There are 2 protein chains.
Amino acid sequence: MAKLITTRTRIADLGKPRVIIIGGGFAGLQVAKGLRGAKAQVVLFDRYNHHTFQPLLYQVATSGLETSSIVFPFRKRFANQSDFYFRMGEVISIKPEENYIETSIGGVKYDYLVLAHGATTNYYGMADVEQHAIPMKTIVDAIKLRNTIIRNFETALLTDDPEMMNSLMDFVIVGGGPTGVELAGALSELKQHVFPKDYPELELSHMDIHLVEAGPRLLNGMSKQASEKALEYLQQMGVKVHLNCTVKSYDGYEVLFNTGEKLISRTLVWAAGVKAHPIEGLKTDCISKSGRIRVDEFNKVIGYENIFAIGDAALMEGDSAYPAGHPMMAPPAIQQGRVLARNLKRLIRKKEMVPFRYFDKGTMATIGRNRAVVDLGKFRFQGFFAWYVWMLVHLLYIIGFKNKVFVMFSWLWSYFSYDKSNRLIISRNKEGVS
Amino acid sequence: MAKLITTRTRIADLGKPRVIIIGGGFAGLQVAKGLRGAKAQVVLFDRYNHHTFQPLLYQVATSGLETSSIVFPFRKRFANQSDFYFRMGEVISIKPEENYIETSIGGVKYDYLVLAHGATTNYYGMADVEQHAIPMKTIVDAIKLRNTIIRNFETALLTDDPEMMNSLMDFVIVGGGPTGVELAGALSELKQHVFPKDYPELELSHMDIHLVEAGPRLLNGMSKQASEKALEYLQQMGVKVHLNCTVKSYDGYEVLFNTGEKLISRTLVWAAGVKAHPIEGLKTDCISKSGRIRVDEFNKVIGYENIFAIGDAALMEGDSAYPAGHPMMAPPAIQQGRVLARNLKRLIRKKEMVPFRYFDKGTMATIGRNRAVVDLGKFRFQGFFAWYVWMLVHLLYIIGFKNKVFVMFSWLWSYFSYDKSNRLIISRNKEGVS
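Residues numbered from 1 in each chain as written. Chains lettered and ligands numbered in written order. Predicted model: local features only at pLDDT ≥ 70, side-chain atom pairs only at ≥ 80, totals over all residues.

All names here are of chain A. Taken domain by domain, chain A consists of domain 1 (18-121 + 275-348) and domain 2 (127-272). Look at where the C-alpha atoms of domain 1 and domain 2 centre, and you get two points 32 Å apart. Facing 14 residues of domain 1, the contacting portion of domain 2 comprises 17 residues. If you tally residues by element for the side of domain 1 that touches domain 2, the top one is helix H2 (residues 57-61), at five residues. Considered class by class, the residues forming the side of domain 1 that touches domain 2 number six nonpolar, eight polar and no charged. (Domains from an automatic or database assignment. Contact = placed C-beta atoms within 7 Å. Helix = DSSP H or I, 4+ residues; strand = E, 2+ residues; numbered from the N terminus. Nonpolar A, V, L, I, M, F, W, Y, C, P; charged D, E, K, R; others polar.)

Put into structure tokens, the structure is as follows:
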């Protein structure tokens, strides 16, 4: 059979400045959108062919939403934008002196390079945890967790050994940020409303949901009020919250904590932190200690004239309100993407760039039905109205009218039926992910 | 780590007759439903945790429908049916003399056994085809085909070698039954309406869709009128139909036909036939030459008193209208399942069983928008109205109100936008399926 070897990305030369964007997450997508109509060729690289709406991954993992409602194909998004090119591939290295990147599908030259390749799960060097835990960064992770939860319950039926049964019915979620809190809440809803009907043969009181946070409070990025309310909600819902607690080791079965305490669980979800994706070829002094790429107030990488970094990948120094950089979340990524698109347009027209200022619109997290916490500057509220606002904001940001309709319908359906209907194991083999 | 070994299916003894159903396809599902309220314990075994609506697999494969709209978790379906037990596992063998089956999760005794384990893809002994072709029997097959189609197009962009490009953009579908015809039509719609927008860099006229049928006409089970119209529709839509043509070999790249002709394609879909799943432990004389299990007019397996077979797995002899057995399709499976449930209830009440009579409600296939063929006894019609009837009937049979709404909305959306929106590659690695 003729082997398939590609060494060229085959991107046409349009005789216009070429802007290459690495990564189609929140940040990269905004740059690409914002460059519509610019006198530039826009090339987007991503290892997937679709954008993923990461804030709702946990709902896919807990059977609440369909996979396809929270992802959106790049080509569909940009079908009507001229001079836009998509390439599915990963970047291997940058050669700044040649204005050139090497990717998994070949090399290509750029005039402007935008690094929006995001962050990856941070296991803090624990290889055993990395091997056995399930992260929560991609759609494949979410489907893997969904398959695992349901397969564990199907297997728990088959044993009368209490330790075996508990290892299958107990879940440990590490990380008390929005992902960990929202996932713990959603699992608790499965325990309360869904699994008792699905598994009348199982004693659901055996199902324990542990949420483990290294710091002294949940939702560290939010107000103290929100943290306390989130803790209260989770405890009302039966989640066992462990504060000031870190994981020392995990072999796929036994979790060891810094306190010396041990837990048995076959499912440990790791939502305890992210770190920058390393990228080869930049000068070492523009990489911060945390691995994020140091940028100036225009998101220009320190020491380069035509390389930019935005979102989780970037560390903007000099914003006095955020001495450690902007939070690695969607809002700064979106805002930086928008401003950078405008600045690239200005650069191309030989105009001066405008500096980026982060506007904190607020933060929110949902714990369960009618239970959410919202911080909007000085306005802090919790409960039903917060939950309603949370849903509205998320619907607003999901791409695609059809996806909005499907997600809204699914939420309404779940609200009135107390059901989460996508309880599916879809995979070819036992260990497979799909 | 404690290893997980289960040797018992742990099915409670209710002191009632136990009916074990193997397989939750159209046939098995009807038996389980029909036994609601019976004085019996109903145990359903399936290797998946969900029913799959197989007639619409091709729409998942061609990005028209979401995965979760055409599958339905068994536990959700039977949550309100008492004395119903579900077990995820595969049957290994039957020991009729002990009224016992051995499964992948342990053994269990039965009072009545219902074999509804369906059929598997028939490669007619061609190991190379089996290795390289994509079948169209399970949801995982459909997702694999979807991933493959889109990944091929992403790769076709990267070459200027015409043979390489054609190998990626050409598709060979083997089998001119409903699956093959419907799949060819849906691929042609992708070519006409979706891919030109997604891939302006590719010359879509290079995309060839070949439909290969061993017999002299398409849709062999339908009227001659339907066959001819289906052929006409497909040809209008640019599908290259090869009649009286069979595949001799396929190495993943080159397809060789009985005519000596060759084609180059990296994607060959095998929808050319099914055969019975073999099952161990039954007397050899109750297995027909085709592998289907010989049953009497009550679907009782020849030579046994408490073992039944229905659907694709069964071959009912003595129905003069169907000397070779009923067609291996949904309608006979559904009808046999319904009648068997009634008969099992009668048996339990020591009443006589009623014989099964197949009522042919008709057959239909859709080729594309506004194009379908329907045979309802002597009424034969094609075109828009047939297409409308096809949609209505399929909506009626999909399980679950939410699924019906989602499928209907997706169809309306596609109809007015000419779009098929789930053009997603969702898999962890290049070769992976998910």
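Resuming the write-up.
Screw-axis analysis of chain A against chain B gives a translation of 0.0 Å along the axis, an RMSD of 0.0 Å, and a rotation angle of 180°. On the angle and the small slide along the axis, the relation comes out as a two-fold axis. Most of the interface of chain A is mirrored in chain B, where 100% of its interface residues again form contacts. (Least-squares fit on C-alpha atoms with pLDDT ≥ 70 in both.)

Right, let's get into the nonpolar core. Counting 159 residues, the largest nonpolar core has Ala230(A), Val269(A), Ala230(B) and Val269(B) as the members making the most contacts within it. Beyond its immediate chain neighbours, meaning those up to four positions away, Ala230(B) contacts Val181(B), Leu218(B), Leu219(B), Ala365(B), Ile367(B) and Val373(B). (Core = buried A, V, L, I, M, F, W, Y, C linked by C-beta atoms within 7 Å. Buried ≥ 20, exposed ≤ 12 C-beta atoms within 10 Å, placed from the backbone.)

Attention now moves to the pairing of strand S23 (residues 363-368) of chain B. All names here are of chain B. Taking burial as the measure, the six residues of S23 include five buried ones, the bulk of the element. Bridge analysis of S23 against strand S24 (residues 371-376) gives five bridges, and the strand direction is antiparallel. Each residue of the ladder has a partner; that of Thr366, found in S24, is Ala372. Hairpin connection from S23 to S24: two residues lie between these consecutive antiparallel strands, with Asn370 at a positive phi of about 65°. (Pairing = 2+ DSSP bridges.)

With 51 residues of chain A at the interface, the matching set in chain B holds 51 residues. Of all the elements in the fold, those that place two or more residues in the side of chain A that touches chain B are strand S4 (71-73), helix H3 (74-77), helix H5 (139-156), helix H6 (162-169), helix H7 (178-198) and helix H11 (401-417) of chain A. By residue number, the principal contributor to the side of chain A that touches chain B is H5(A), which donates six residues. Partitioned by chemical class, the residues of the side of chain A that touches chain B number 25 nonpolar, 13 polar and 13 charged.

Moving on: the pairing of strand S24 (residues 371-376) of chain A. Residues and elements named next belong to chain A. Within S24, five of the six residues are buried, which leaves the element mostly enclosed by the surrounding structure. Where S24 lies against strand S25 (residues 379-382), four bridges are found, and the strand directions are antiparallel. What sits directly across from Asp375, in S25, is Arg380. Linkage of S24 to S25, two consecutive antiparallel strands, is achieved through a turn of two residues, within which Gly377 is found at a positive phi near 60°.

Right, let's get into the packing of helix H5 (residues 139-156) of chain B against helix H6 (residues 162-169) of chain B. Residues and elements named next belong to chain B. At their nearest, the axes of H5 and H6 sit 8 Å apart, and the two run at 160° to each other. The angle between H5 and H6 places the two elements in the roughly antiparallel class. Crossing angle aside, the handedness with which H5 passes H6 is left-handed. Every residue of H6 that contacts H5 at Asn152, Thr155 and Ala156 is listed here: Met165, Leu168 and Met169. For the contact of H5 with H6, a count of residues per class yields four nonpolar, two polar and no charged. (Axes fitted to C-alpha atoms, helices over the stretch in contact; angles between N-to-C directions. Parallel < 35°, antiparallel > 145°, perpendicular 65-115°, else oblique. Left-handed = near helix turned anticlockwise from the far one by under 90°.)

All names here are of chain B. Strand order in the open sheet made by the three strands is S6-S7-S8, with antiparallel pairing throughout. In this open sheet, the two edge strands, each paired with only one partner strand, are strand S6 (91-95) and strand S8 (106-109). When strand polarity is set aside, the average angle formed by the axes of neighbouring strands in this sheet is 20°. Here strand S7 (residues 100-103) runs beside S8; their pairing, made up of four bridges, is antiparallel. Across the sheet, residue Tyr100 finds its bridge partner in S8, namely Lys109.

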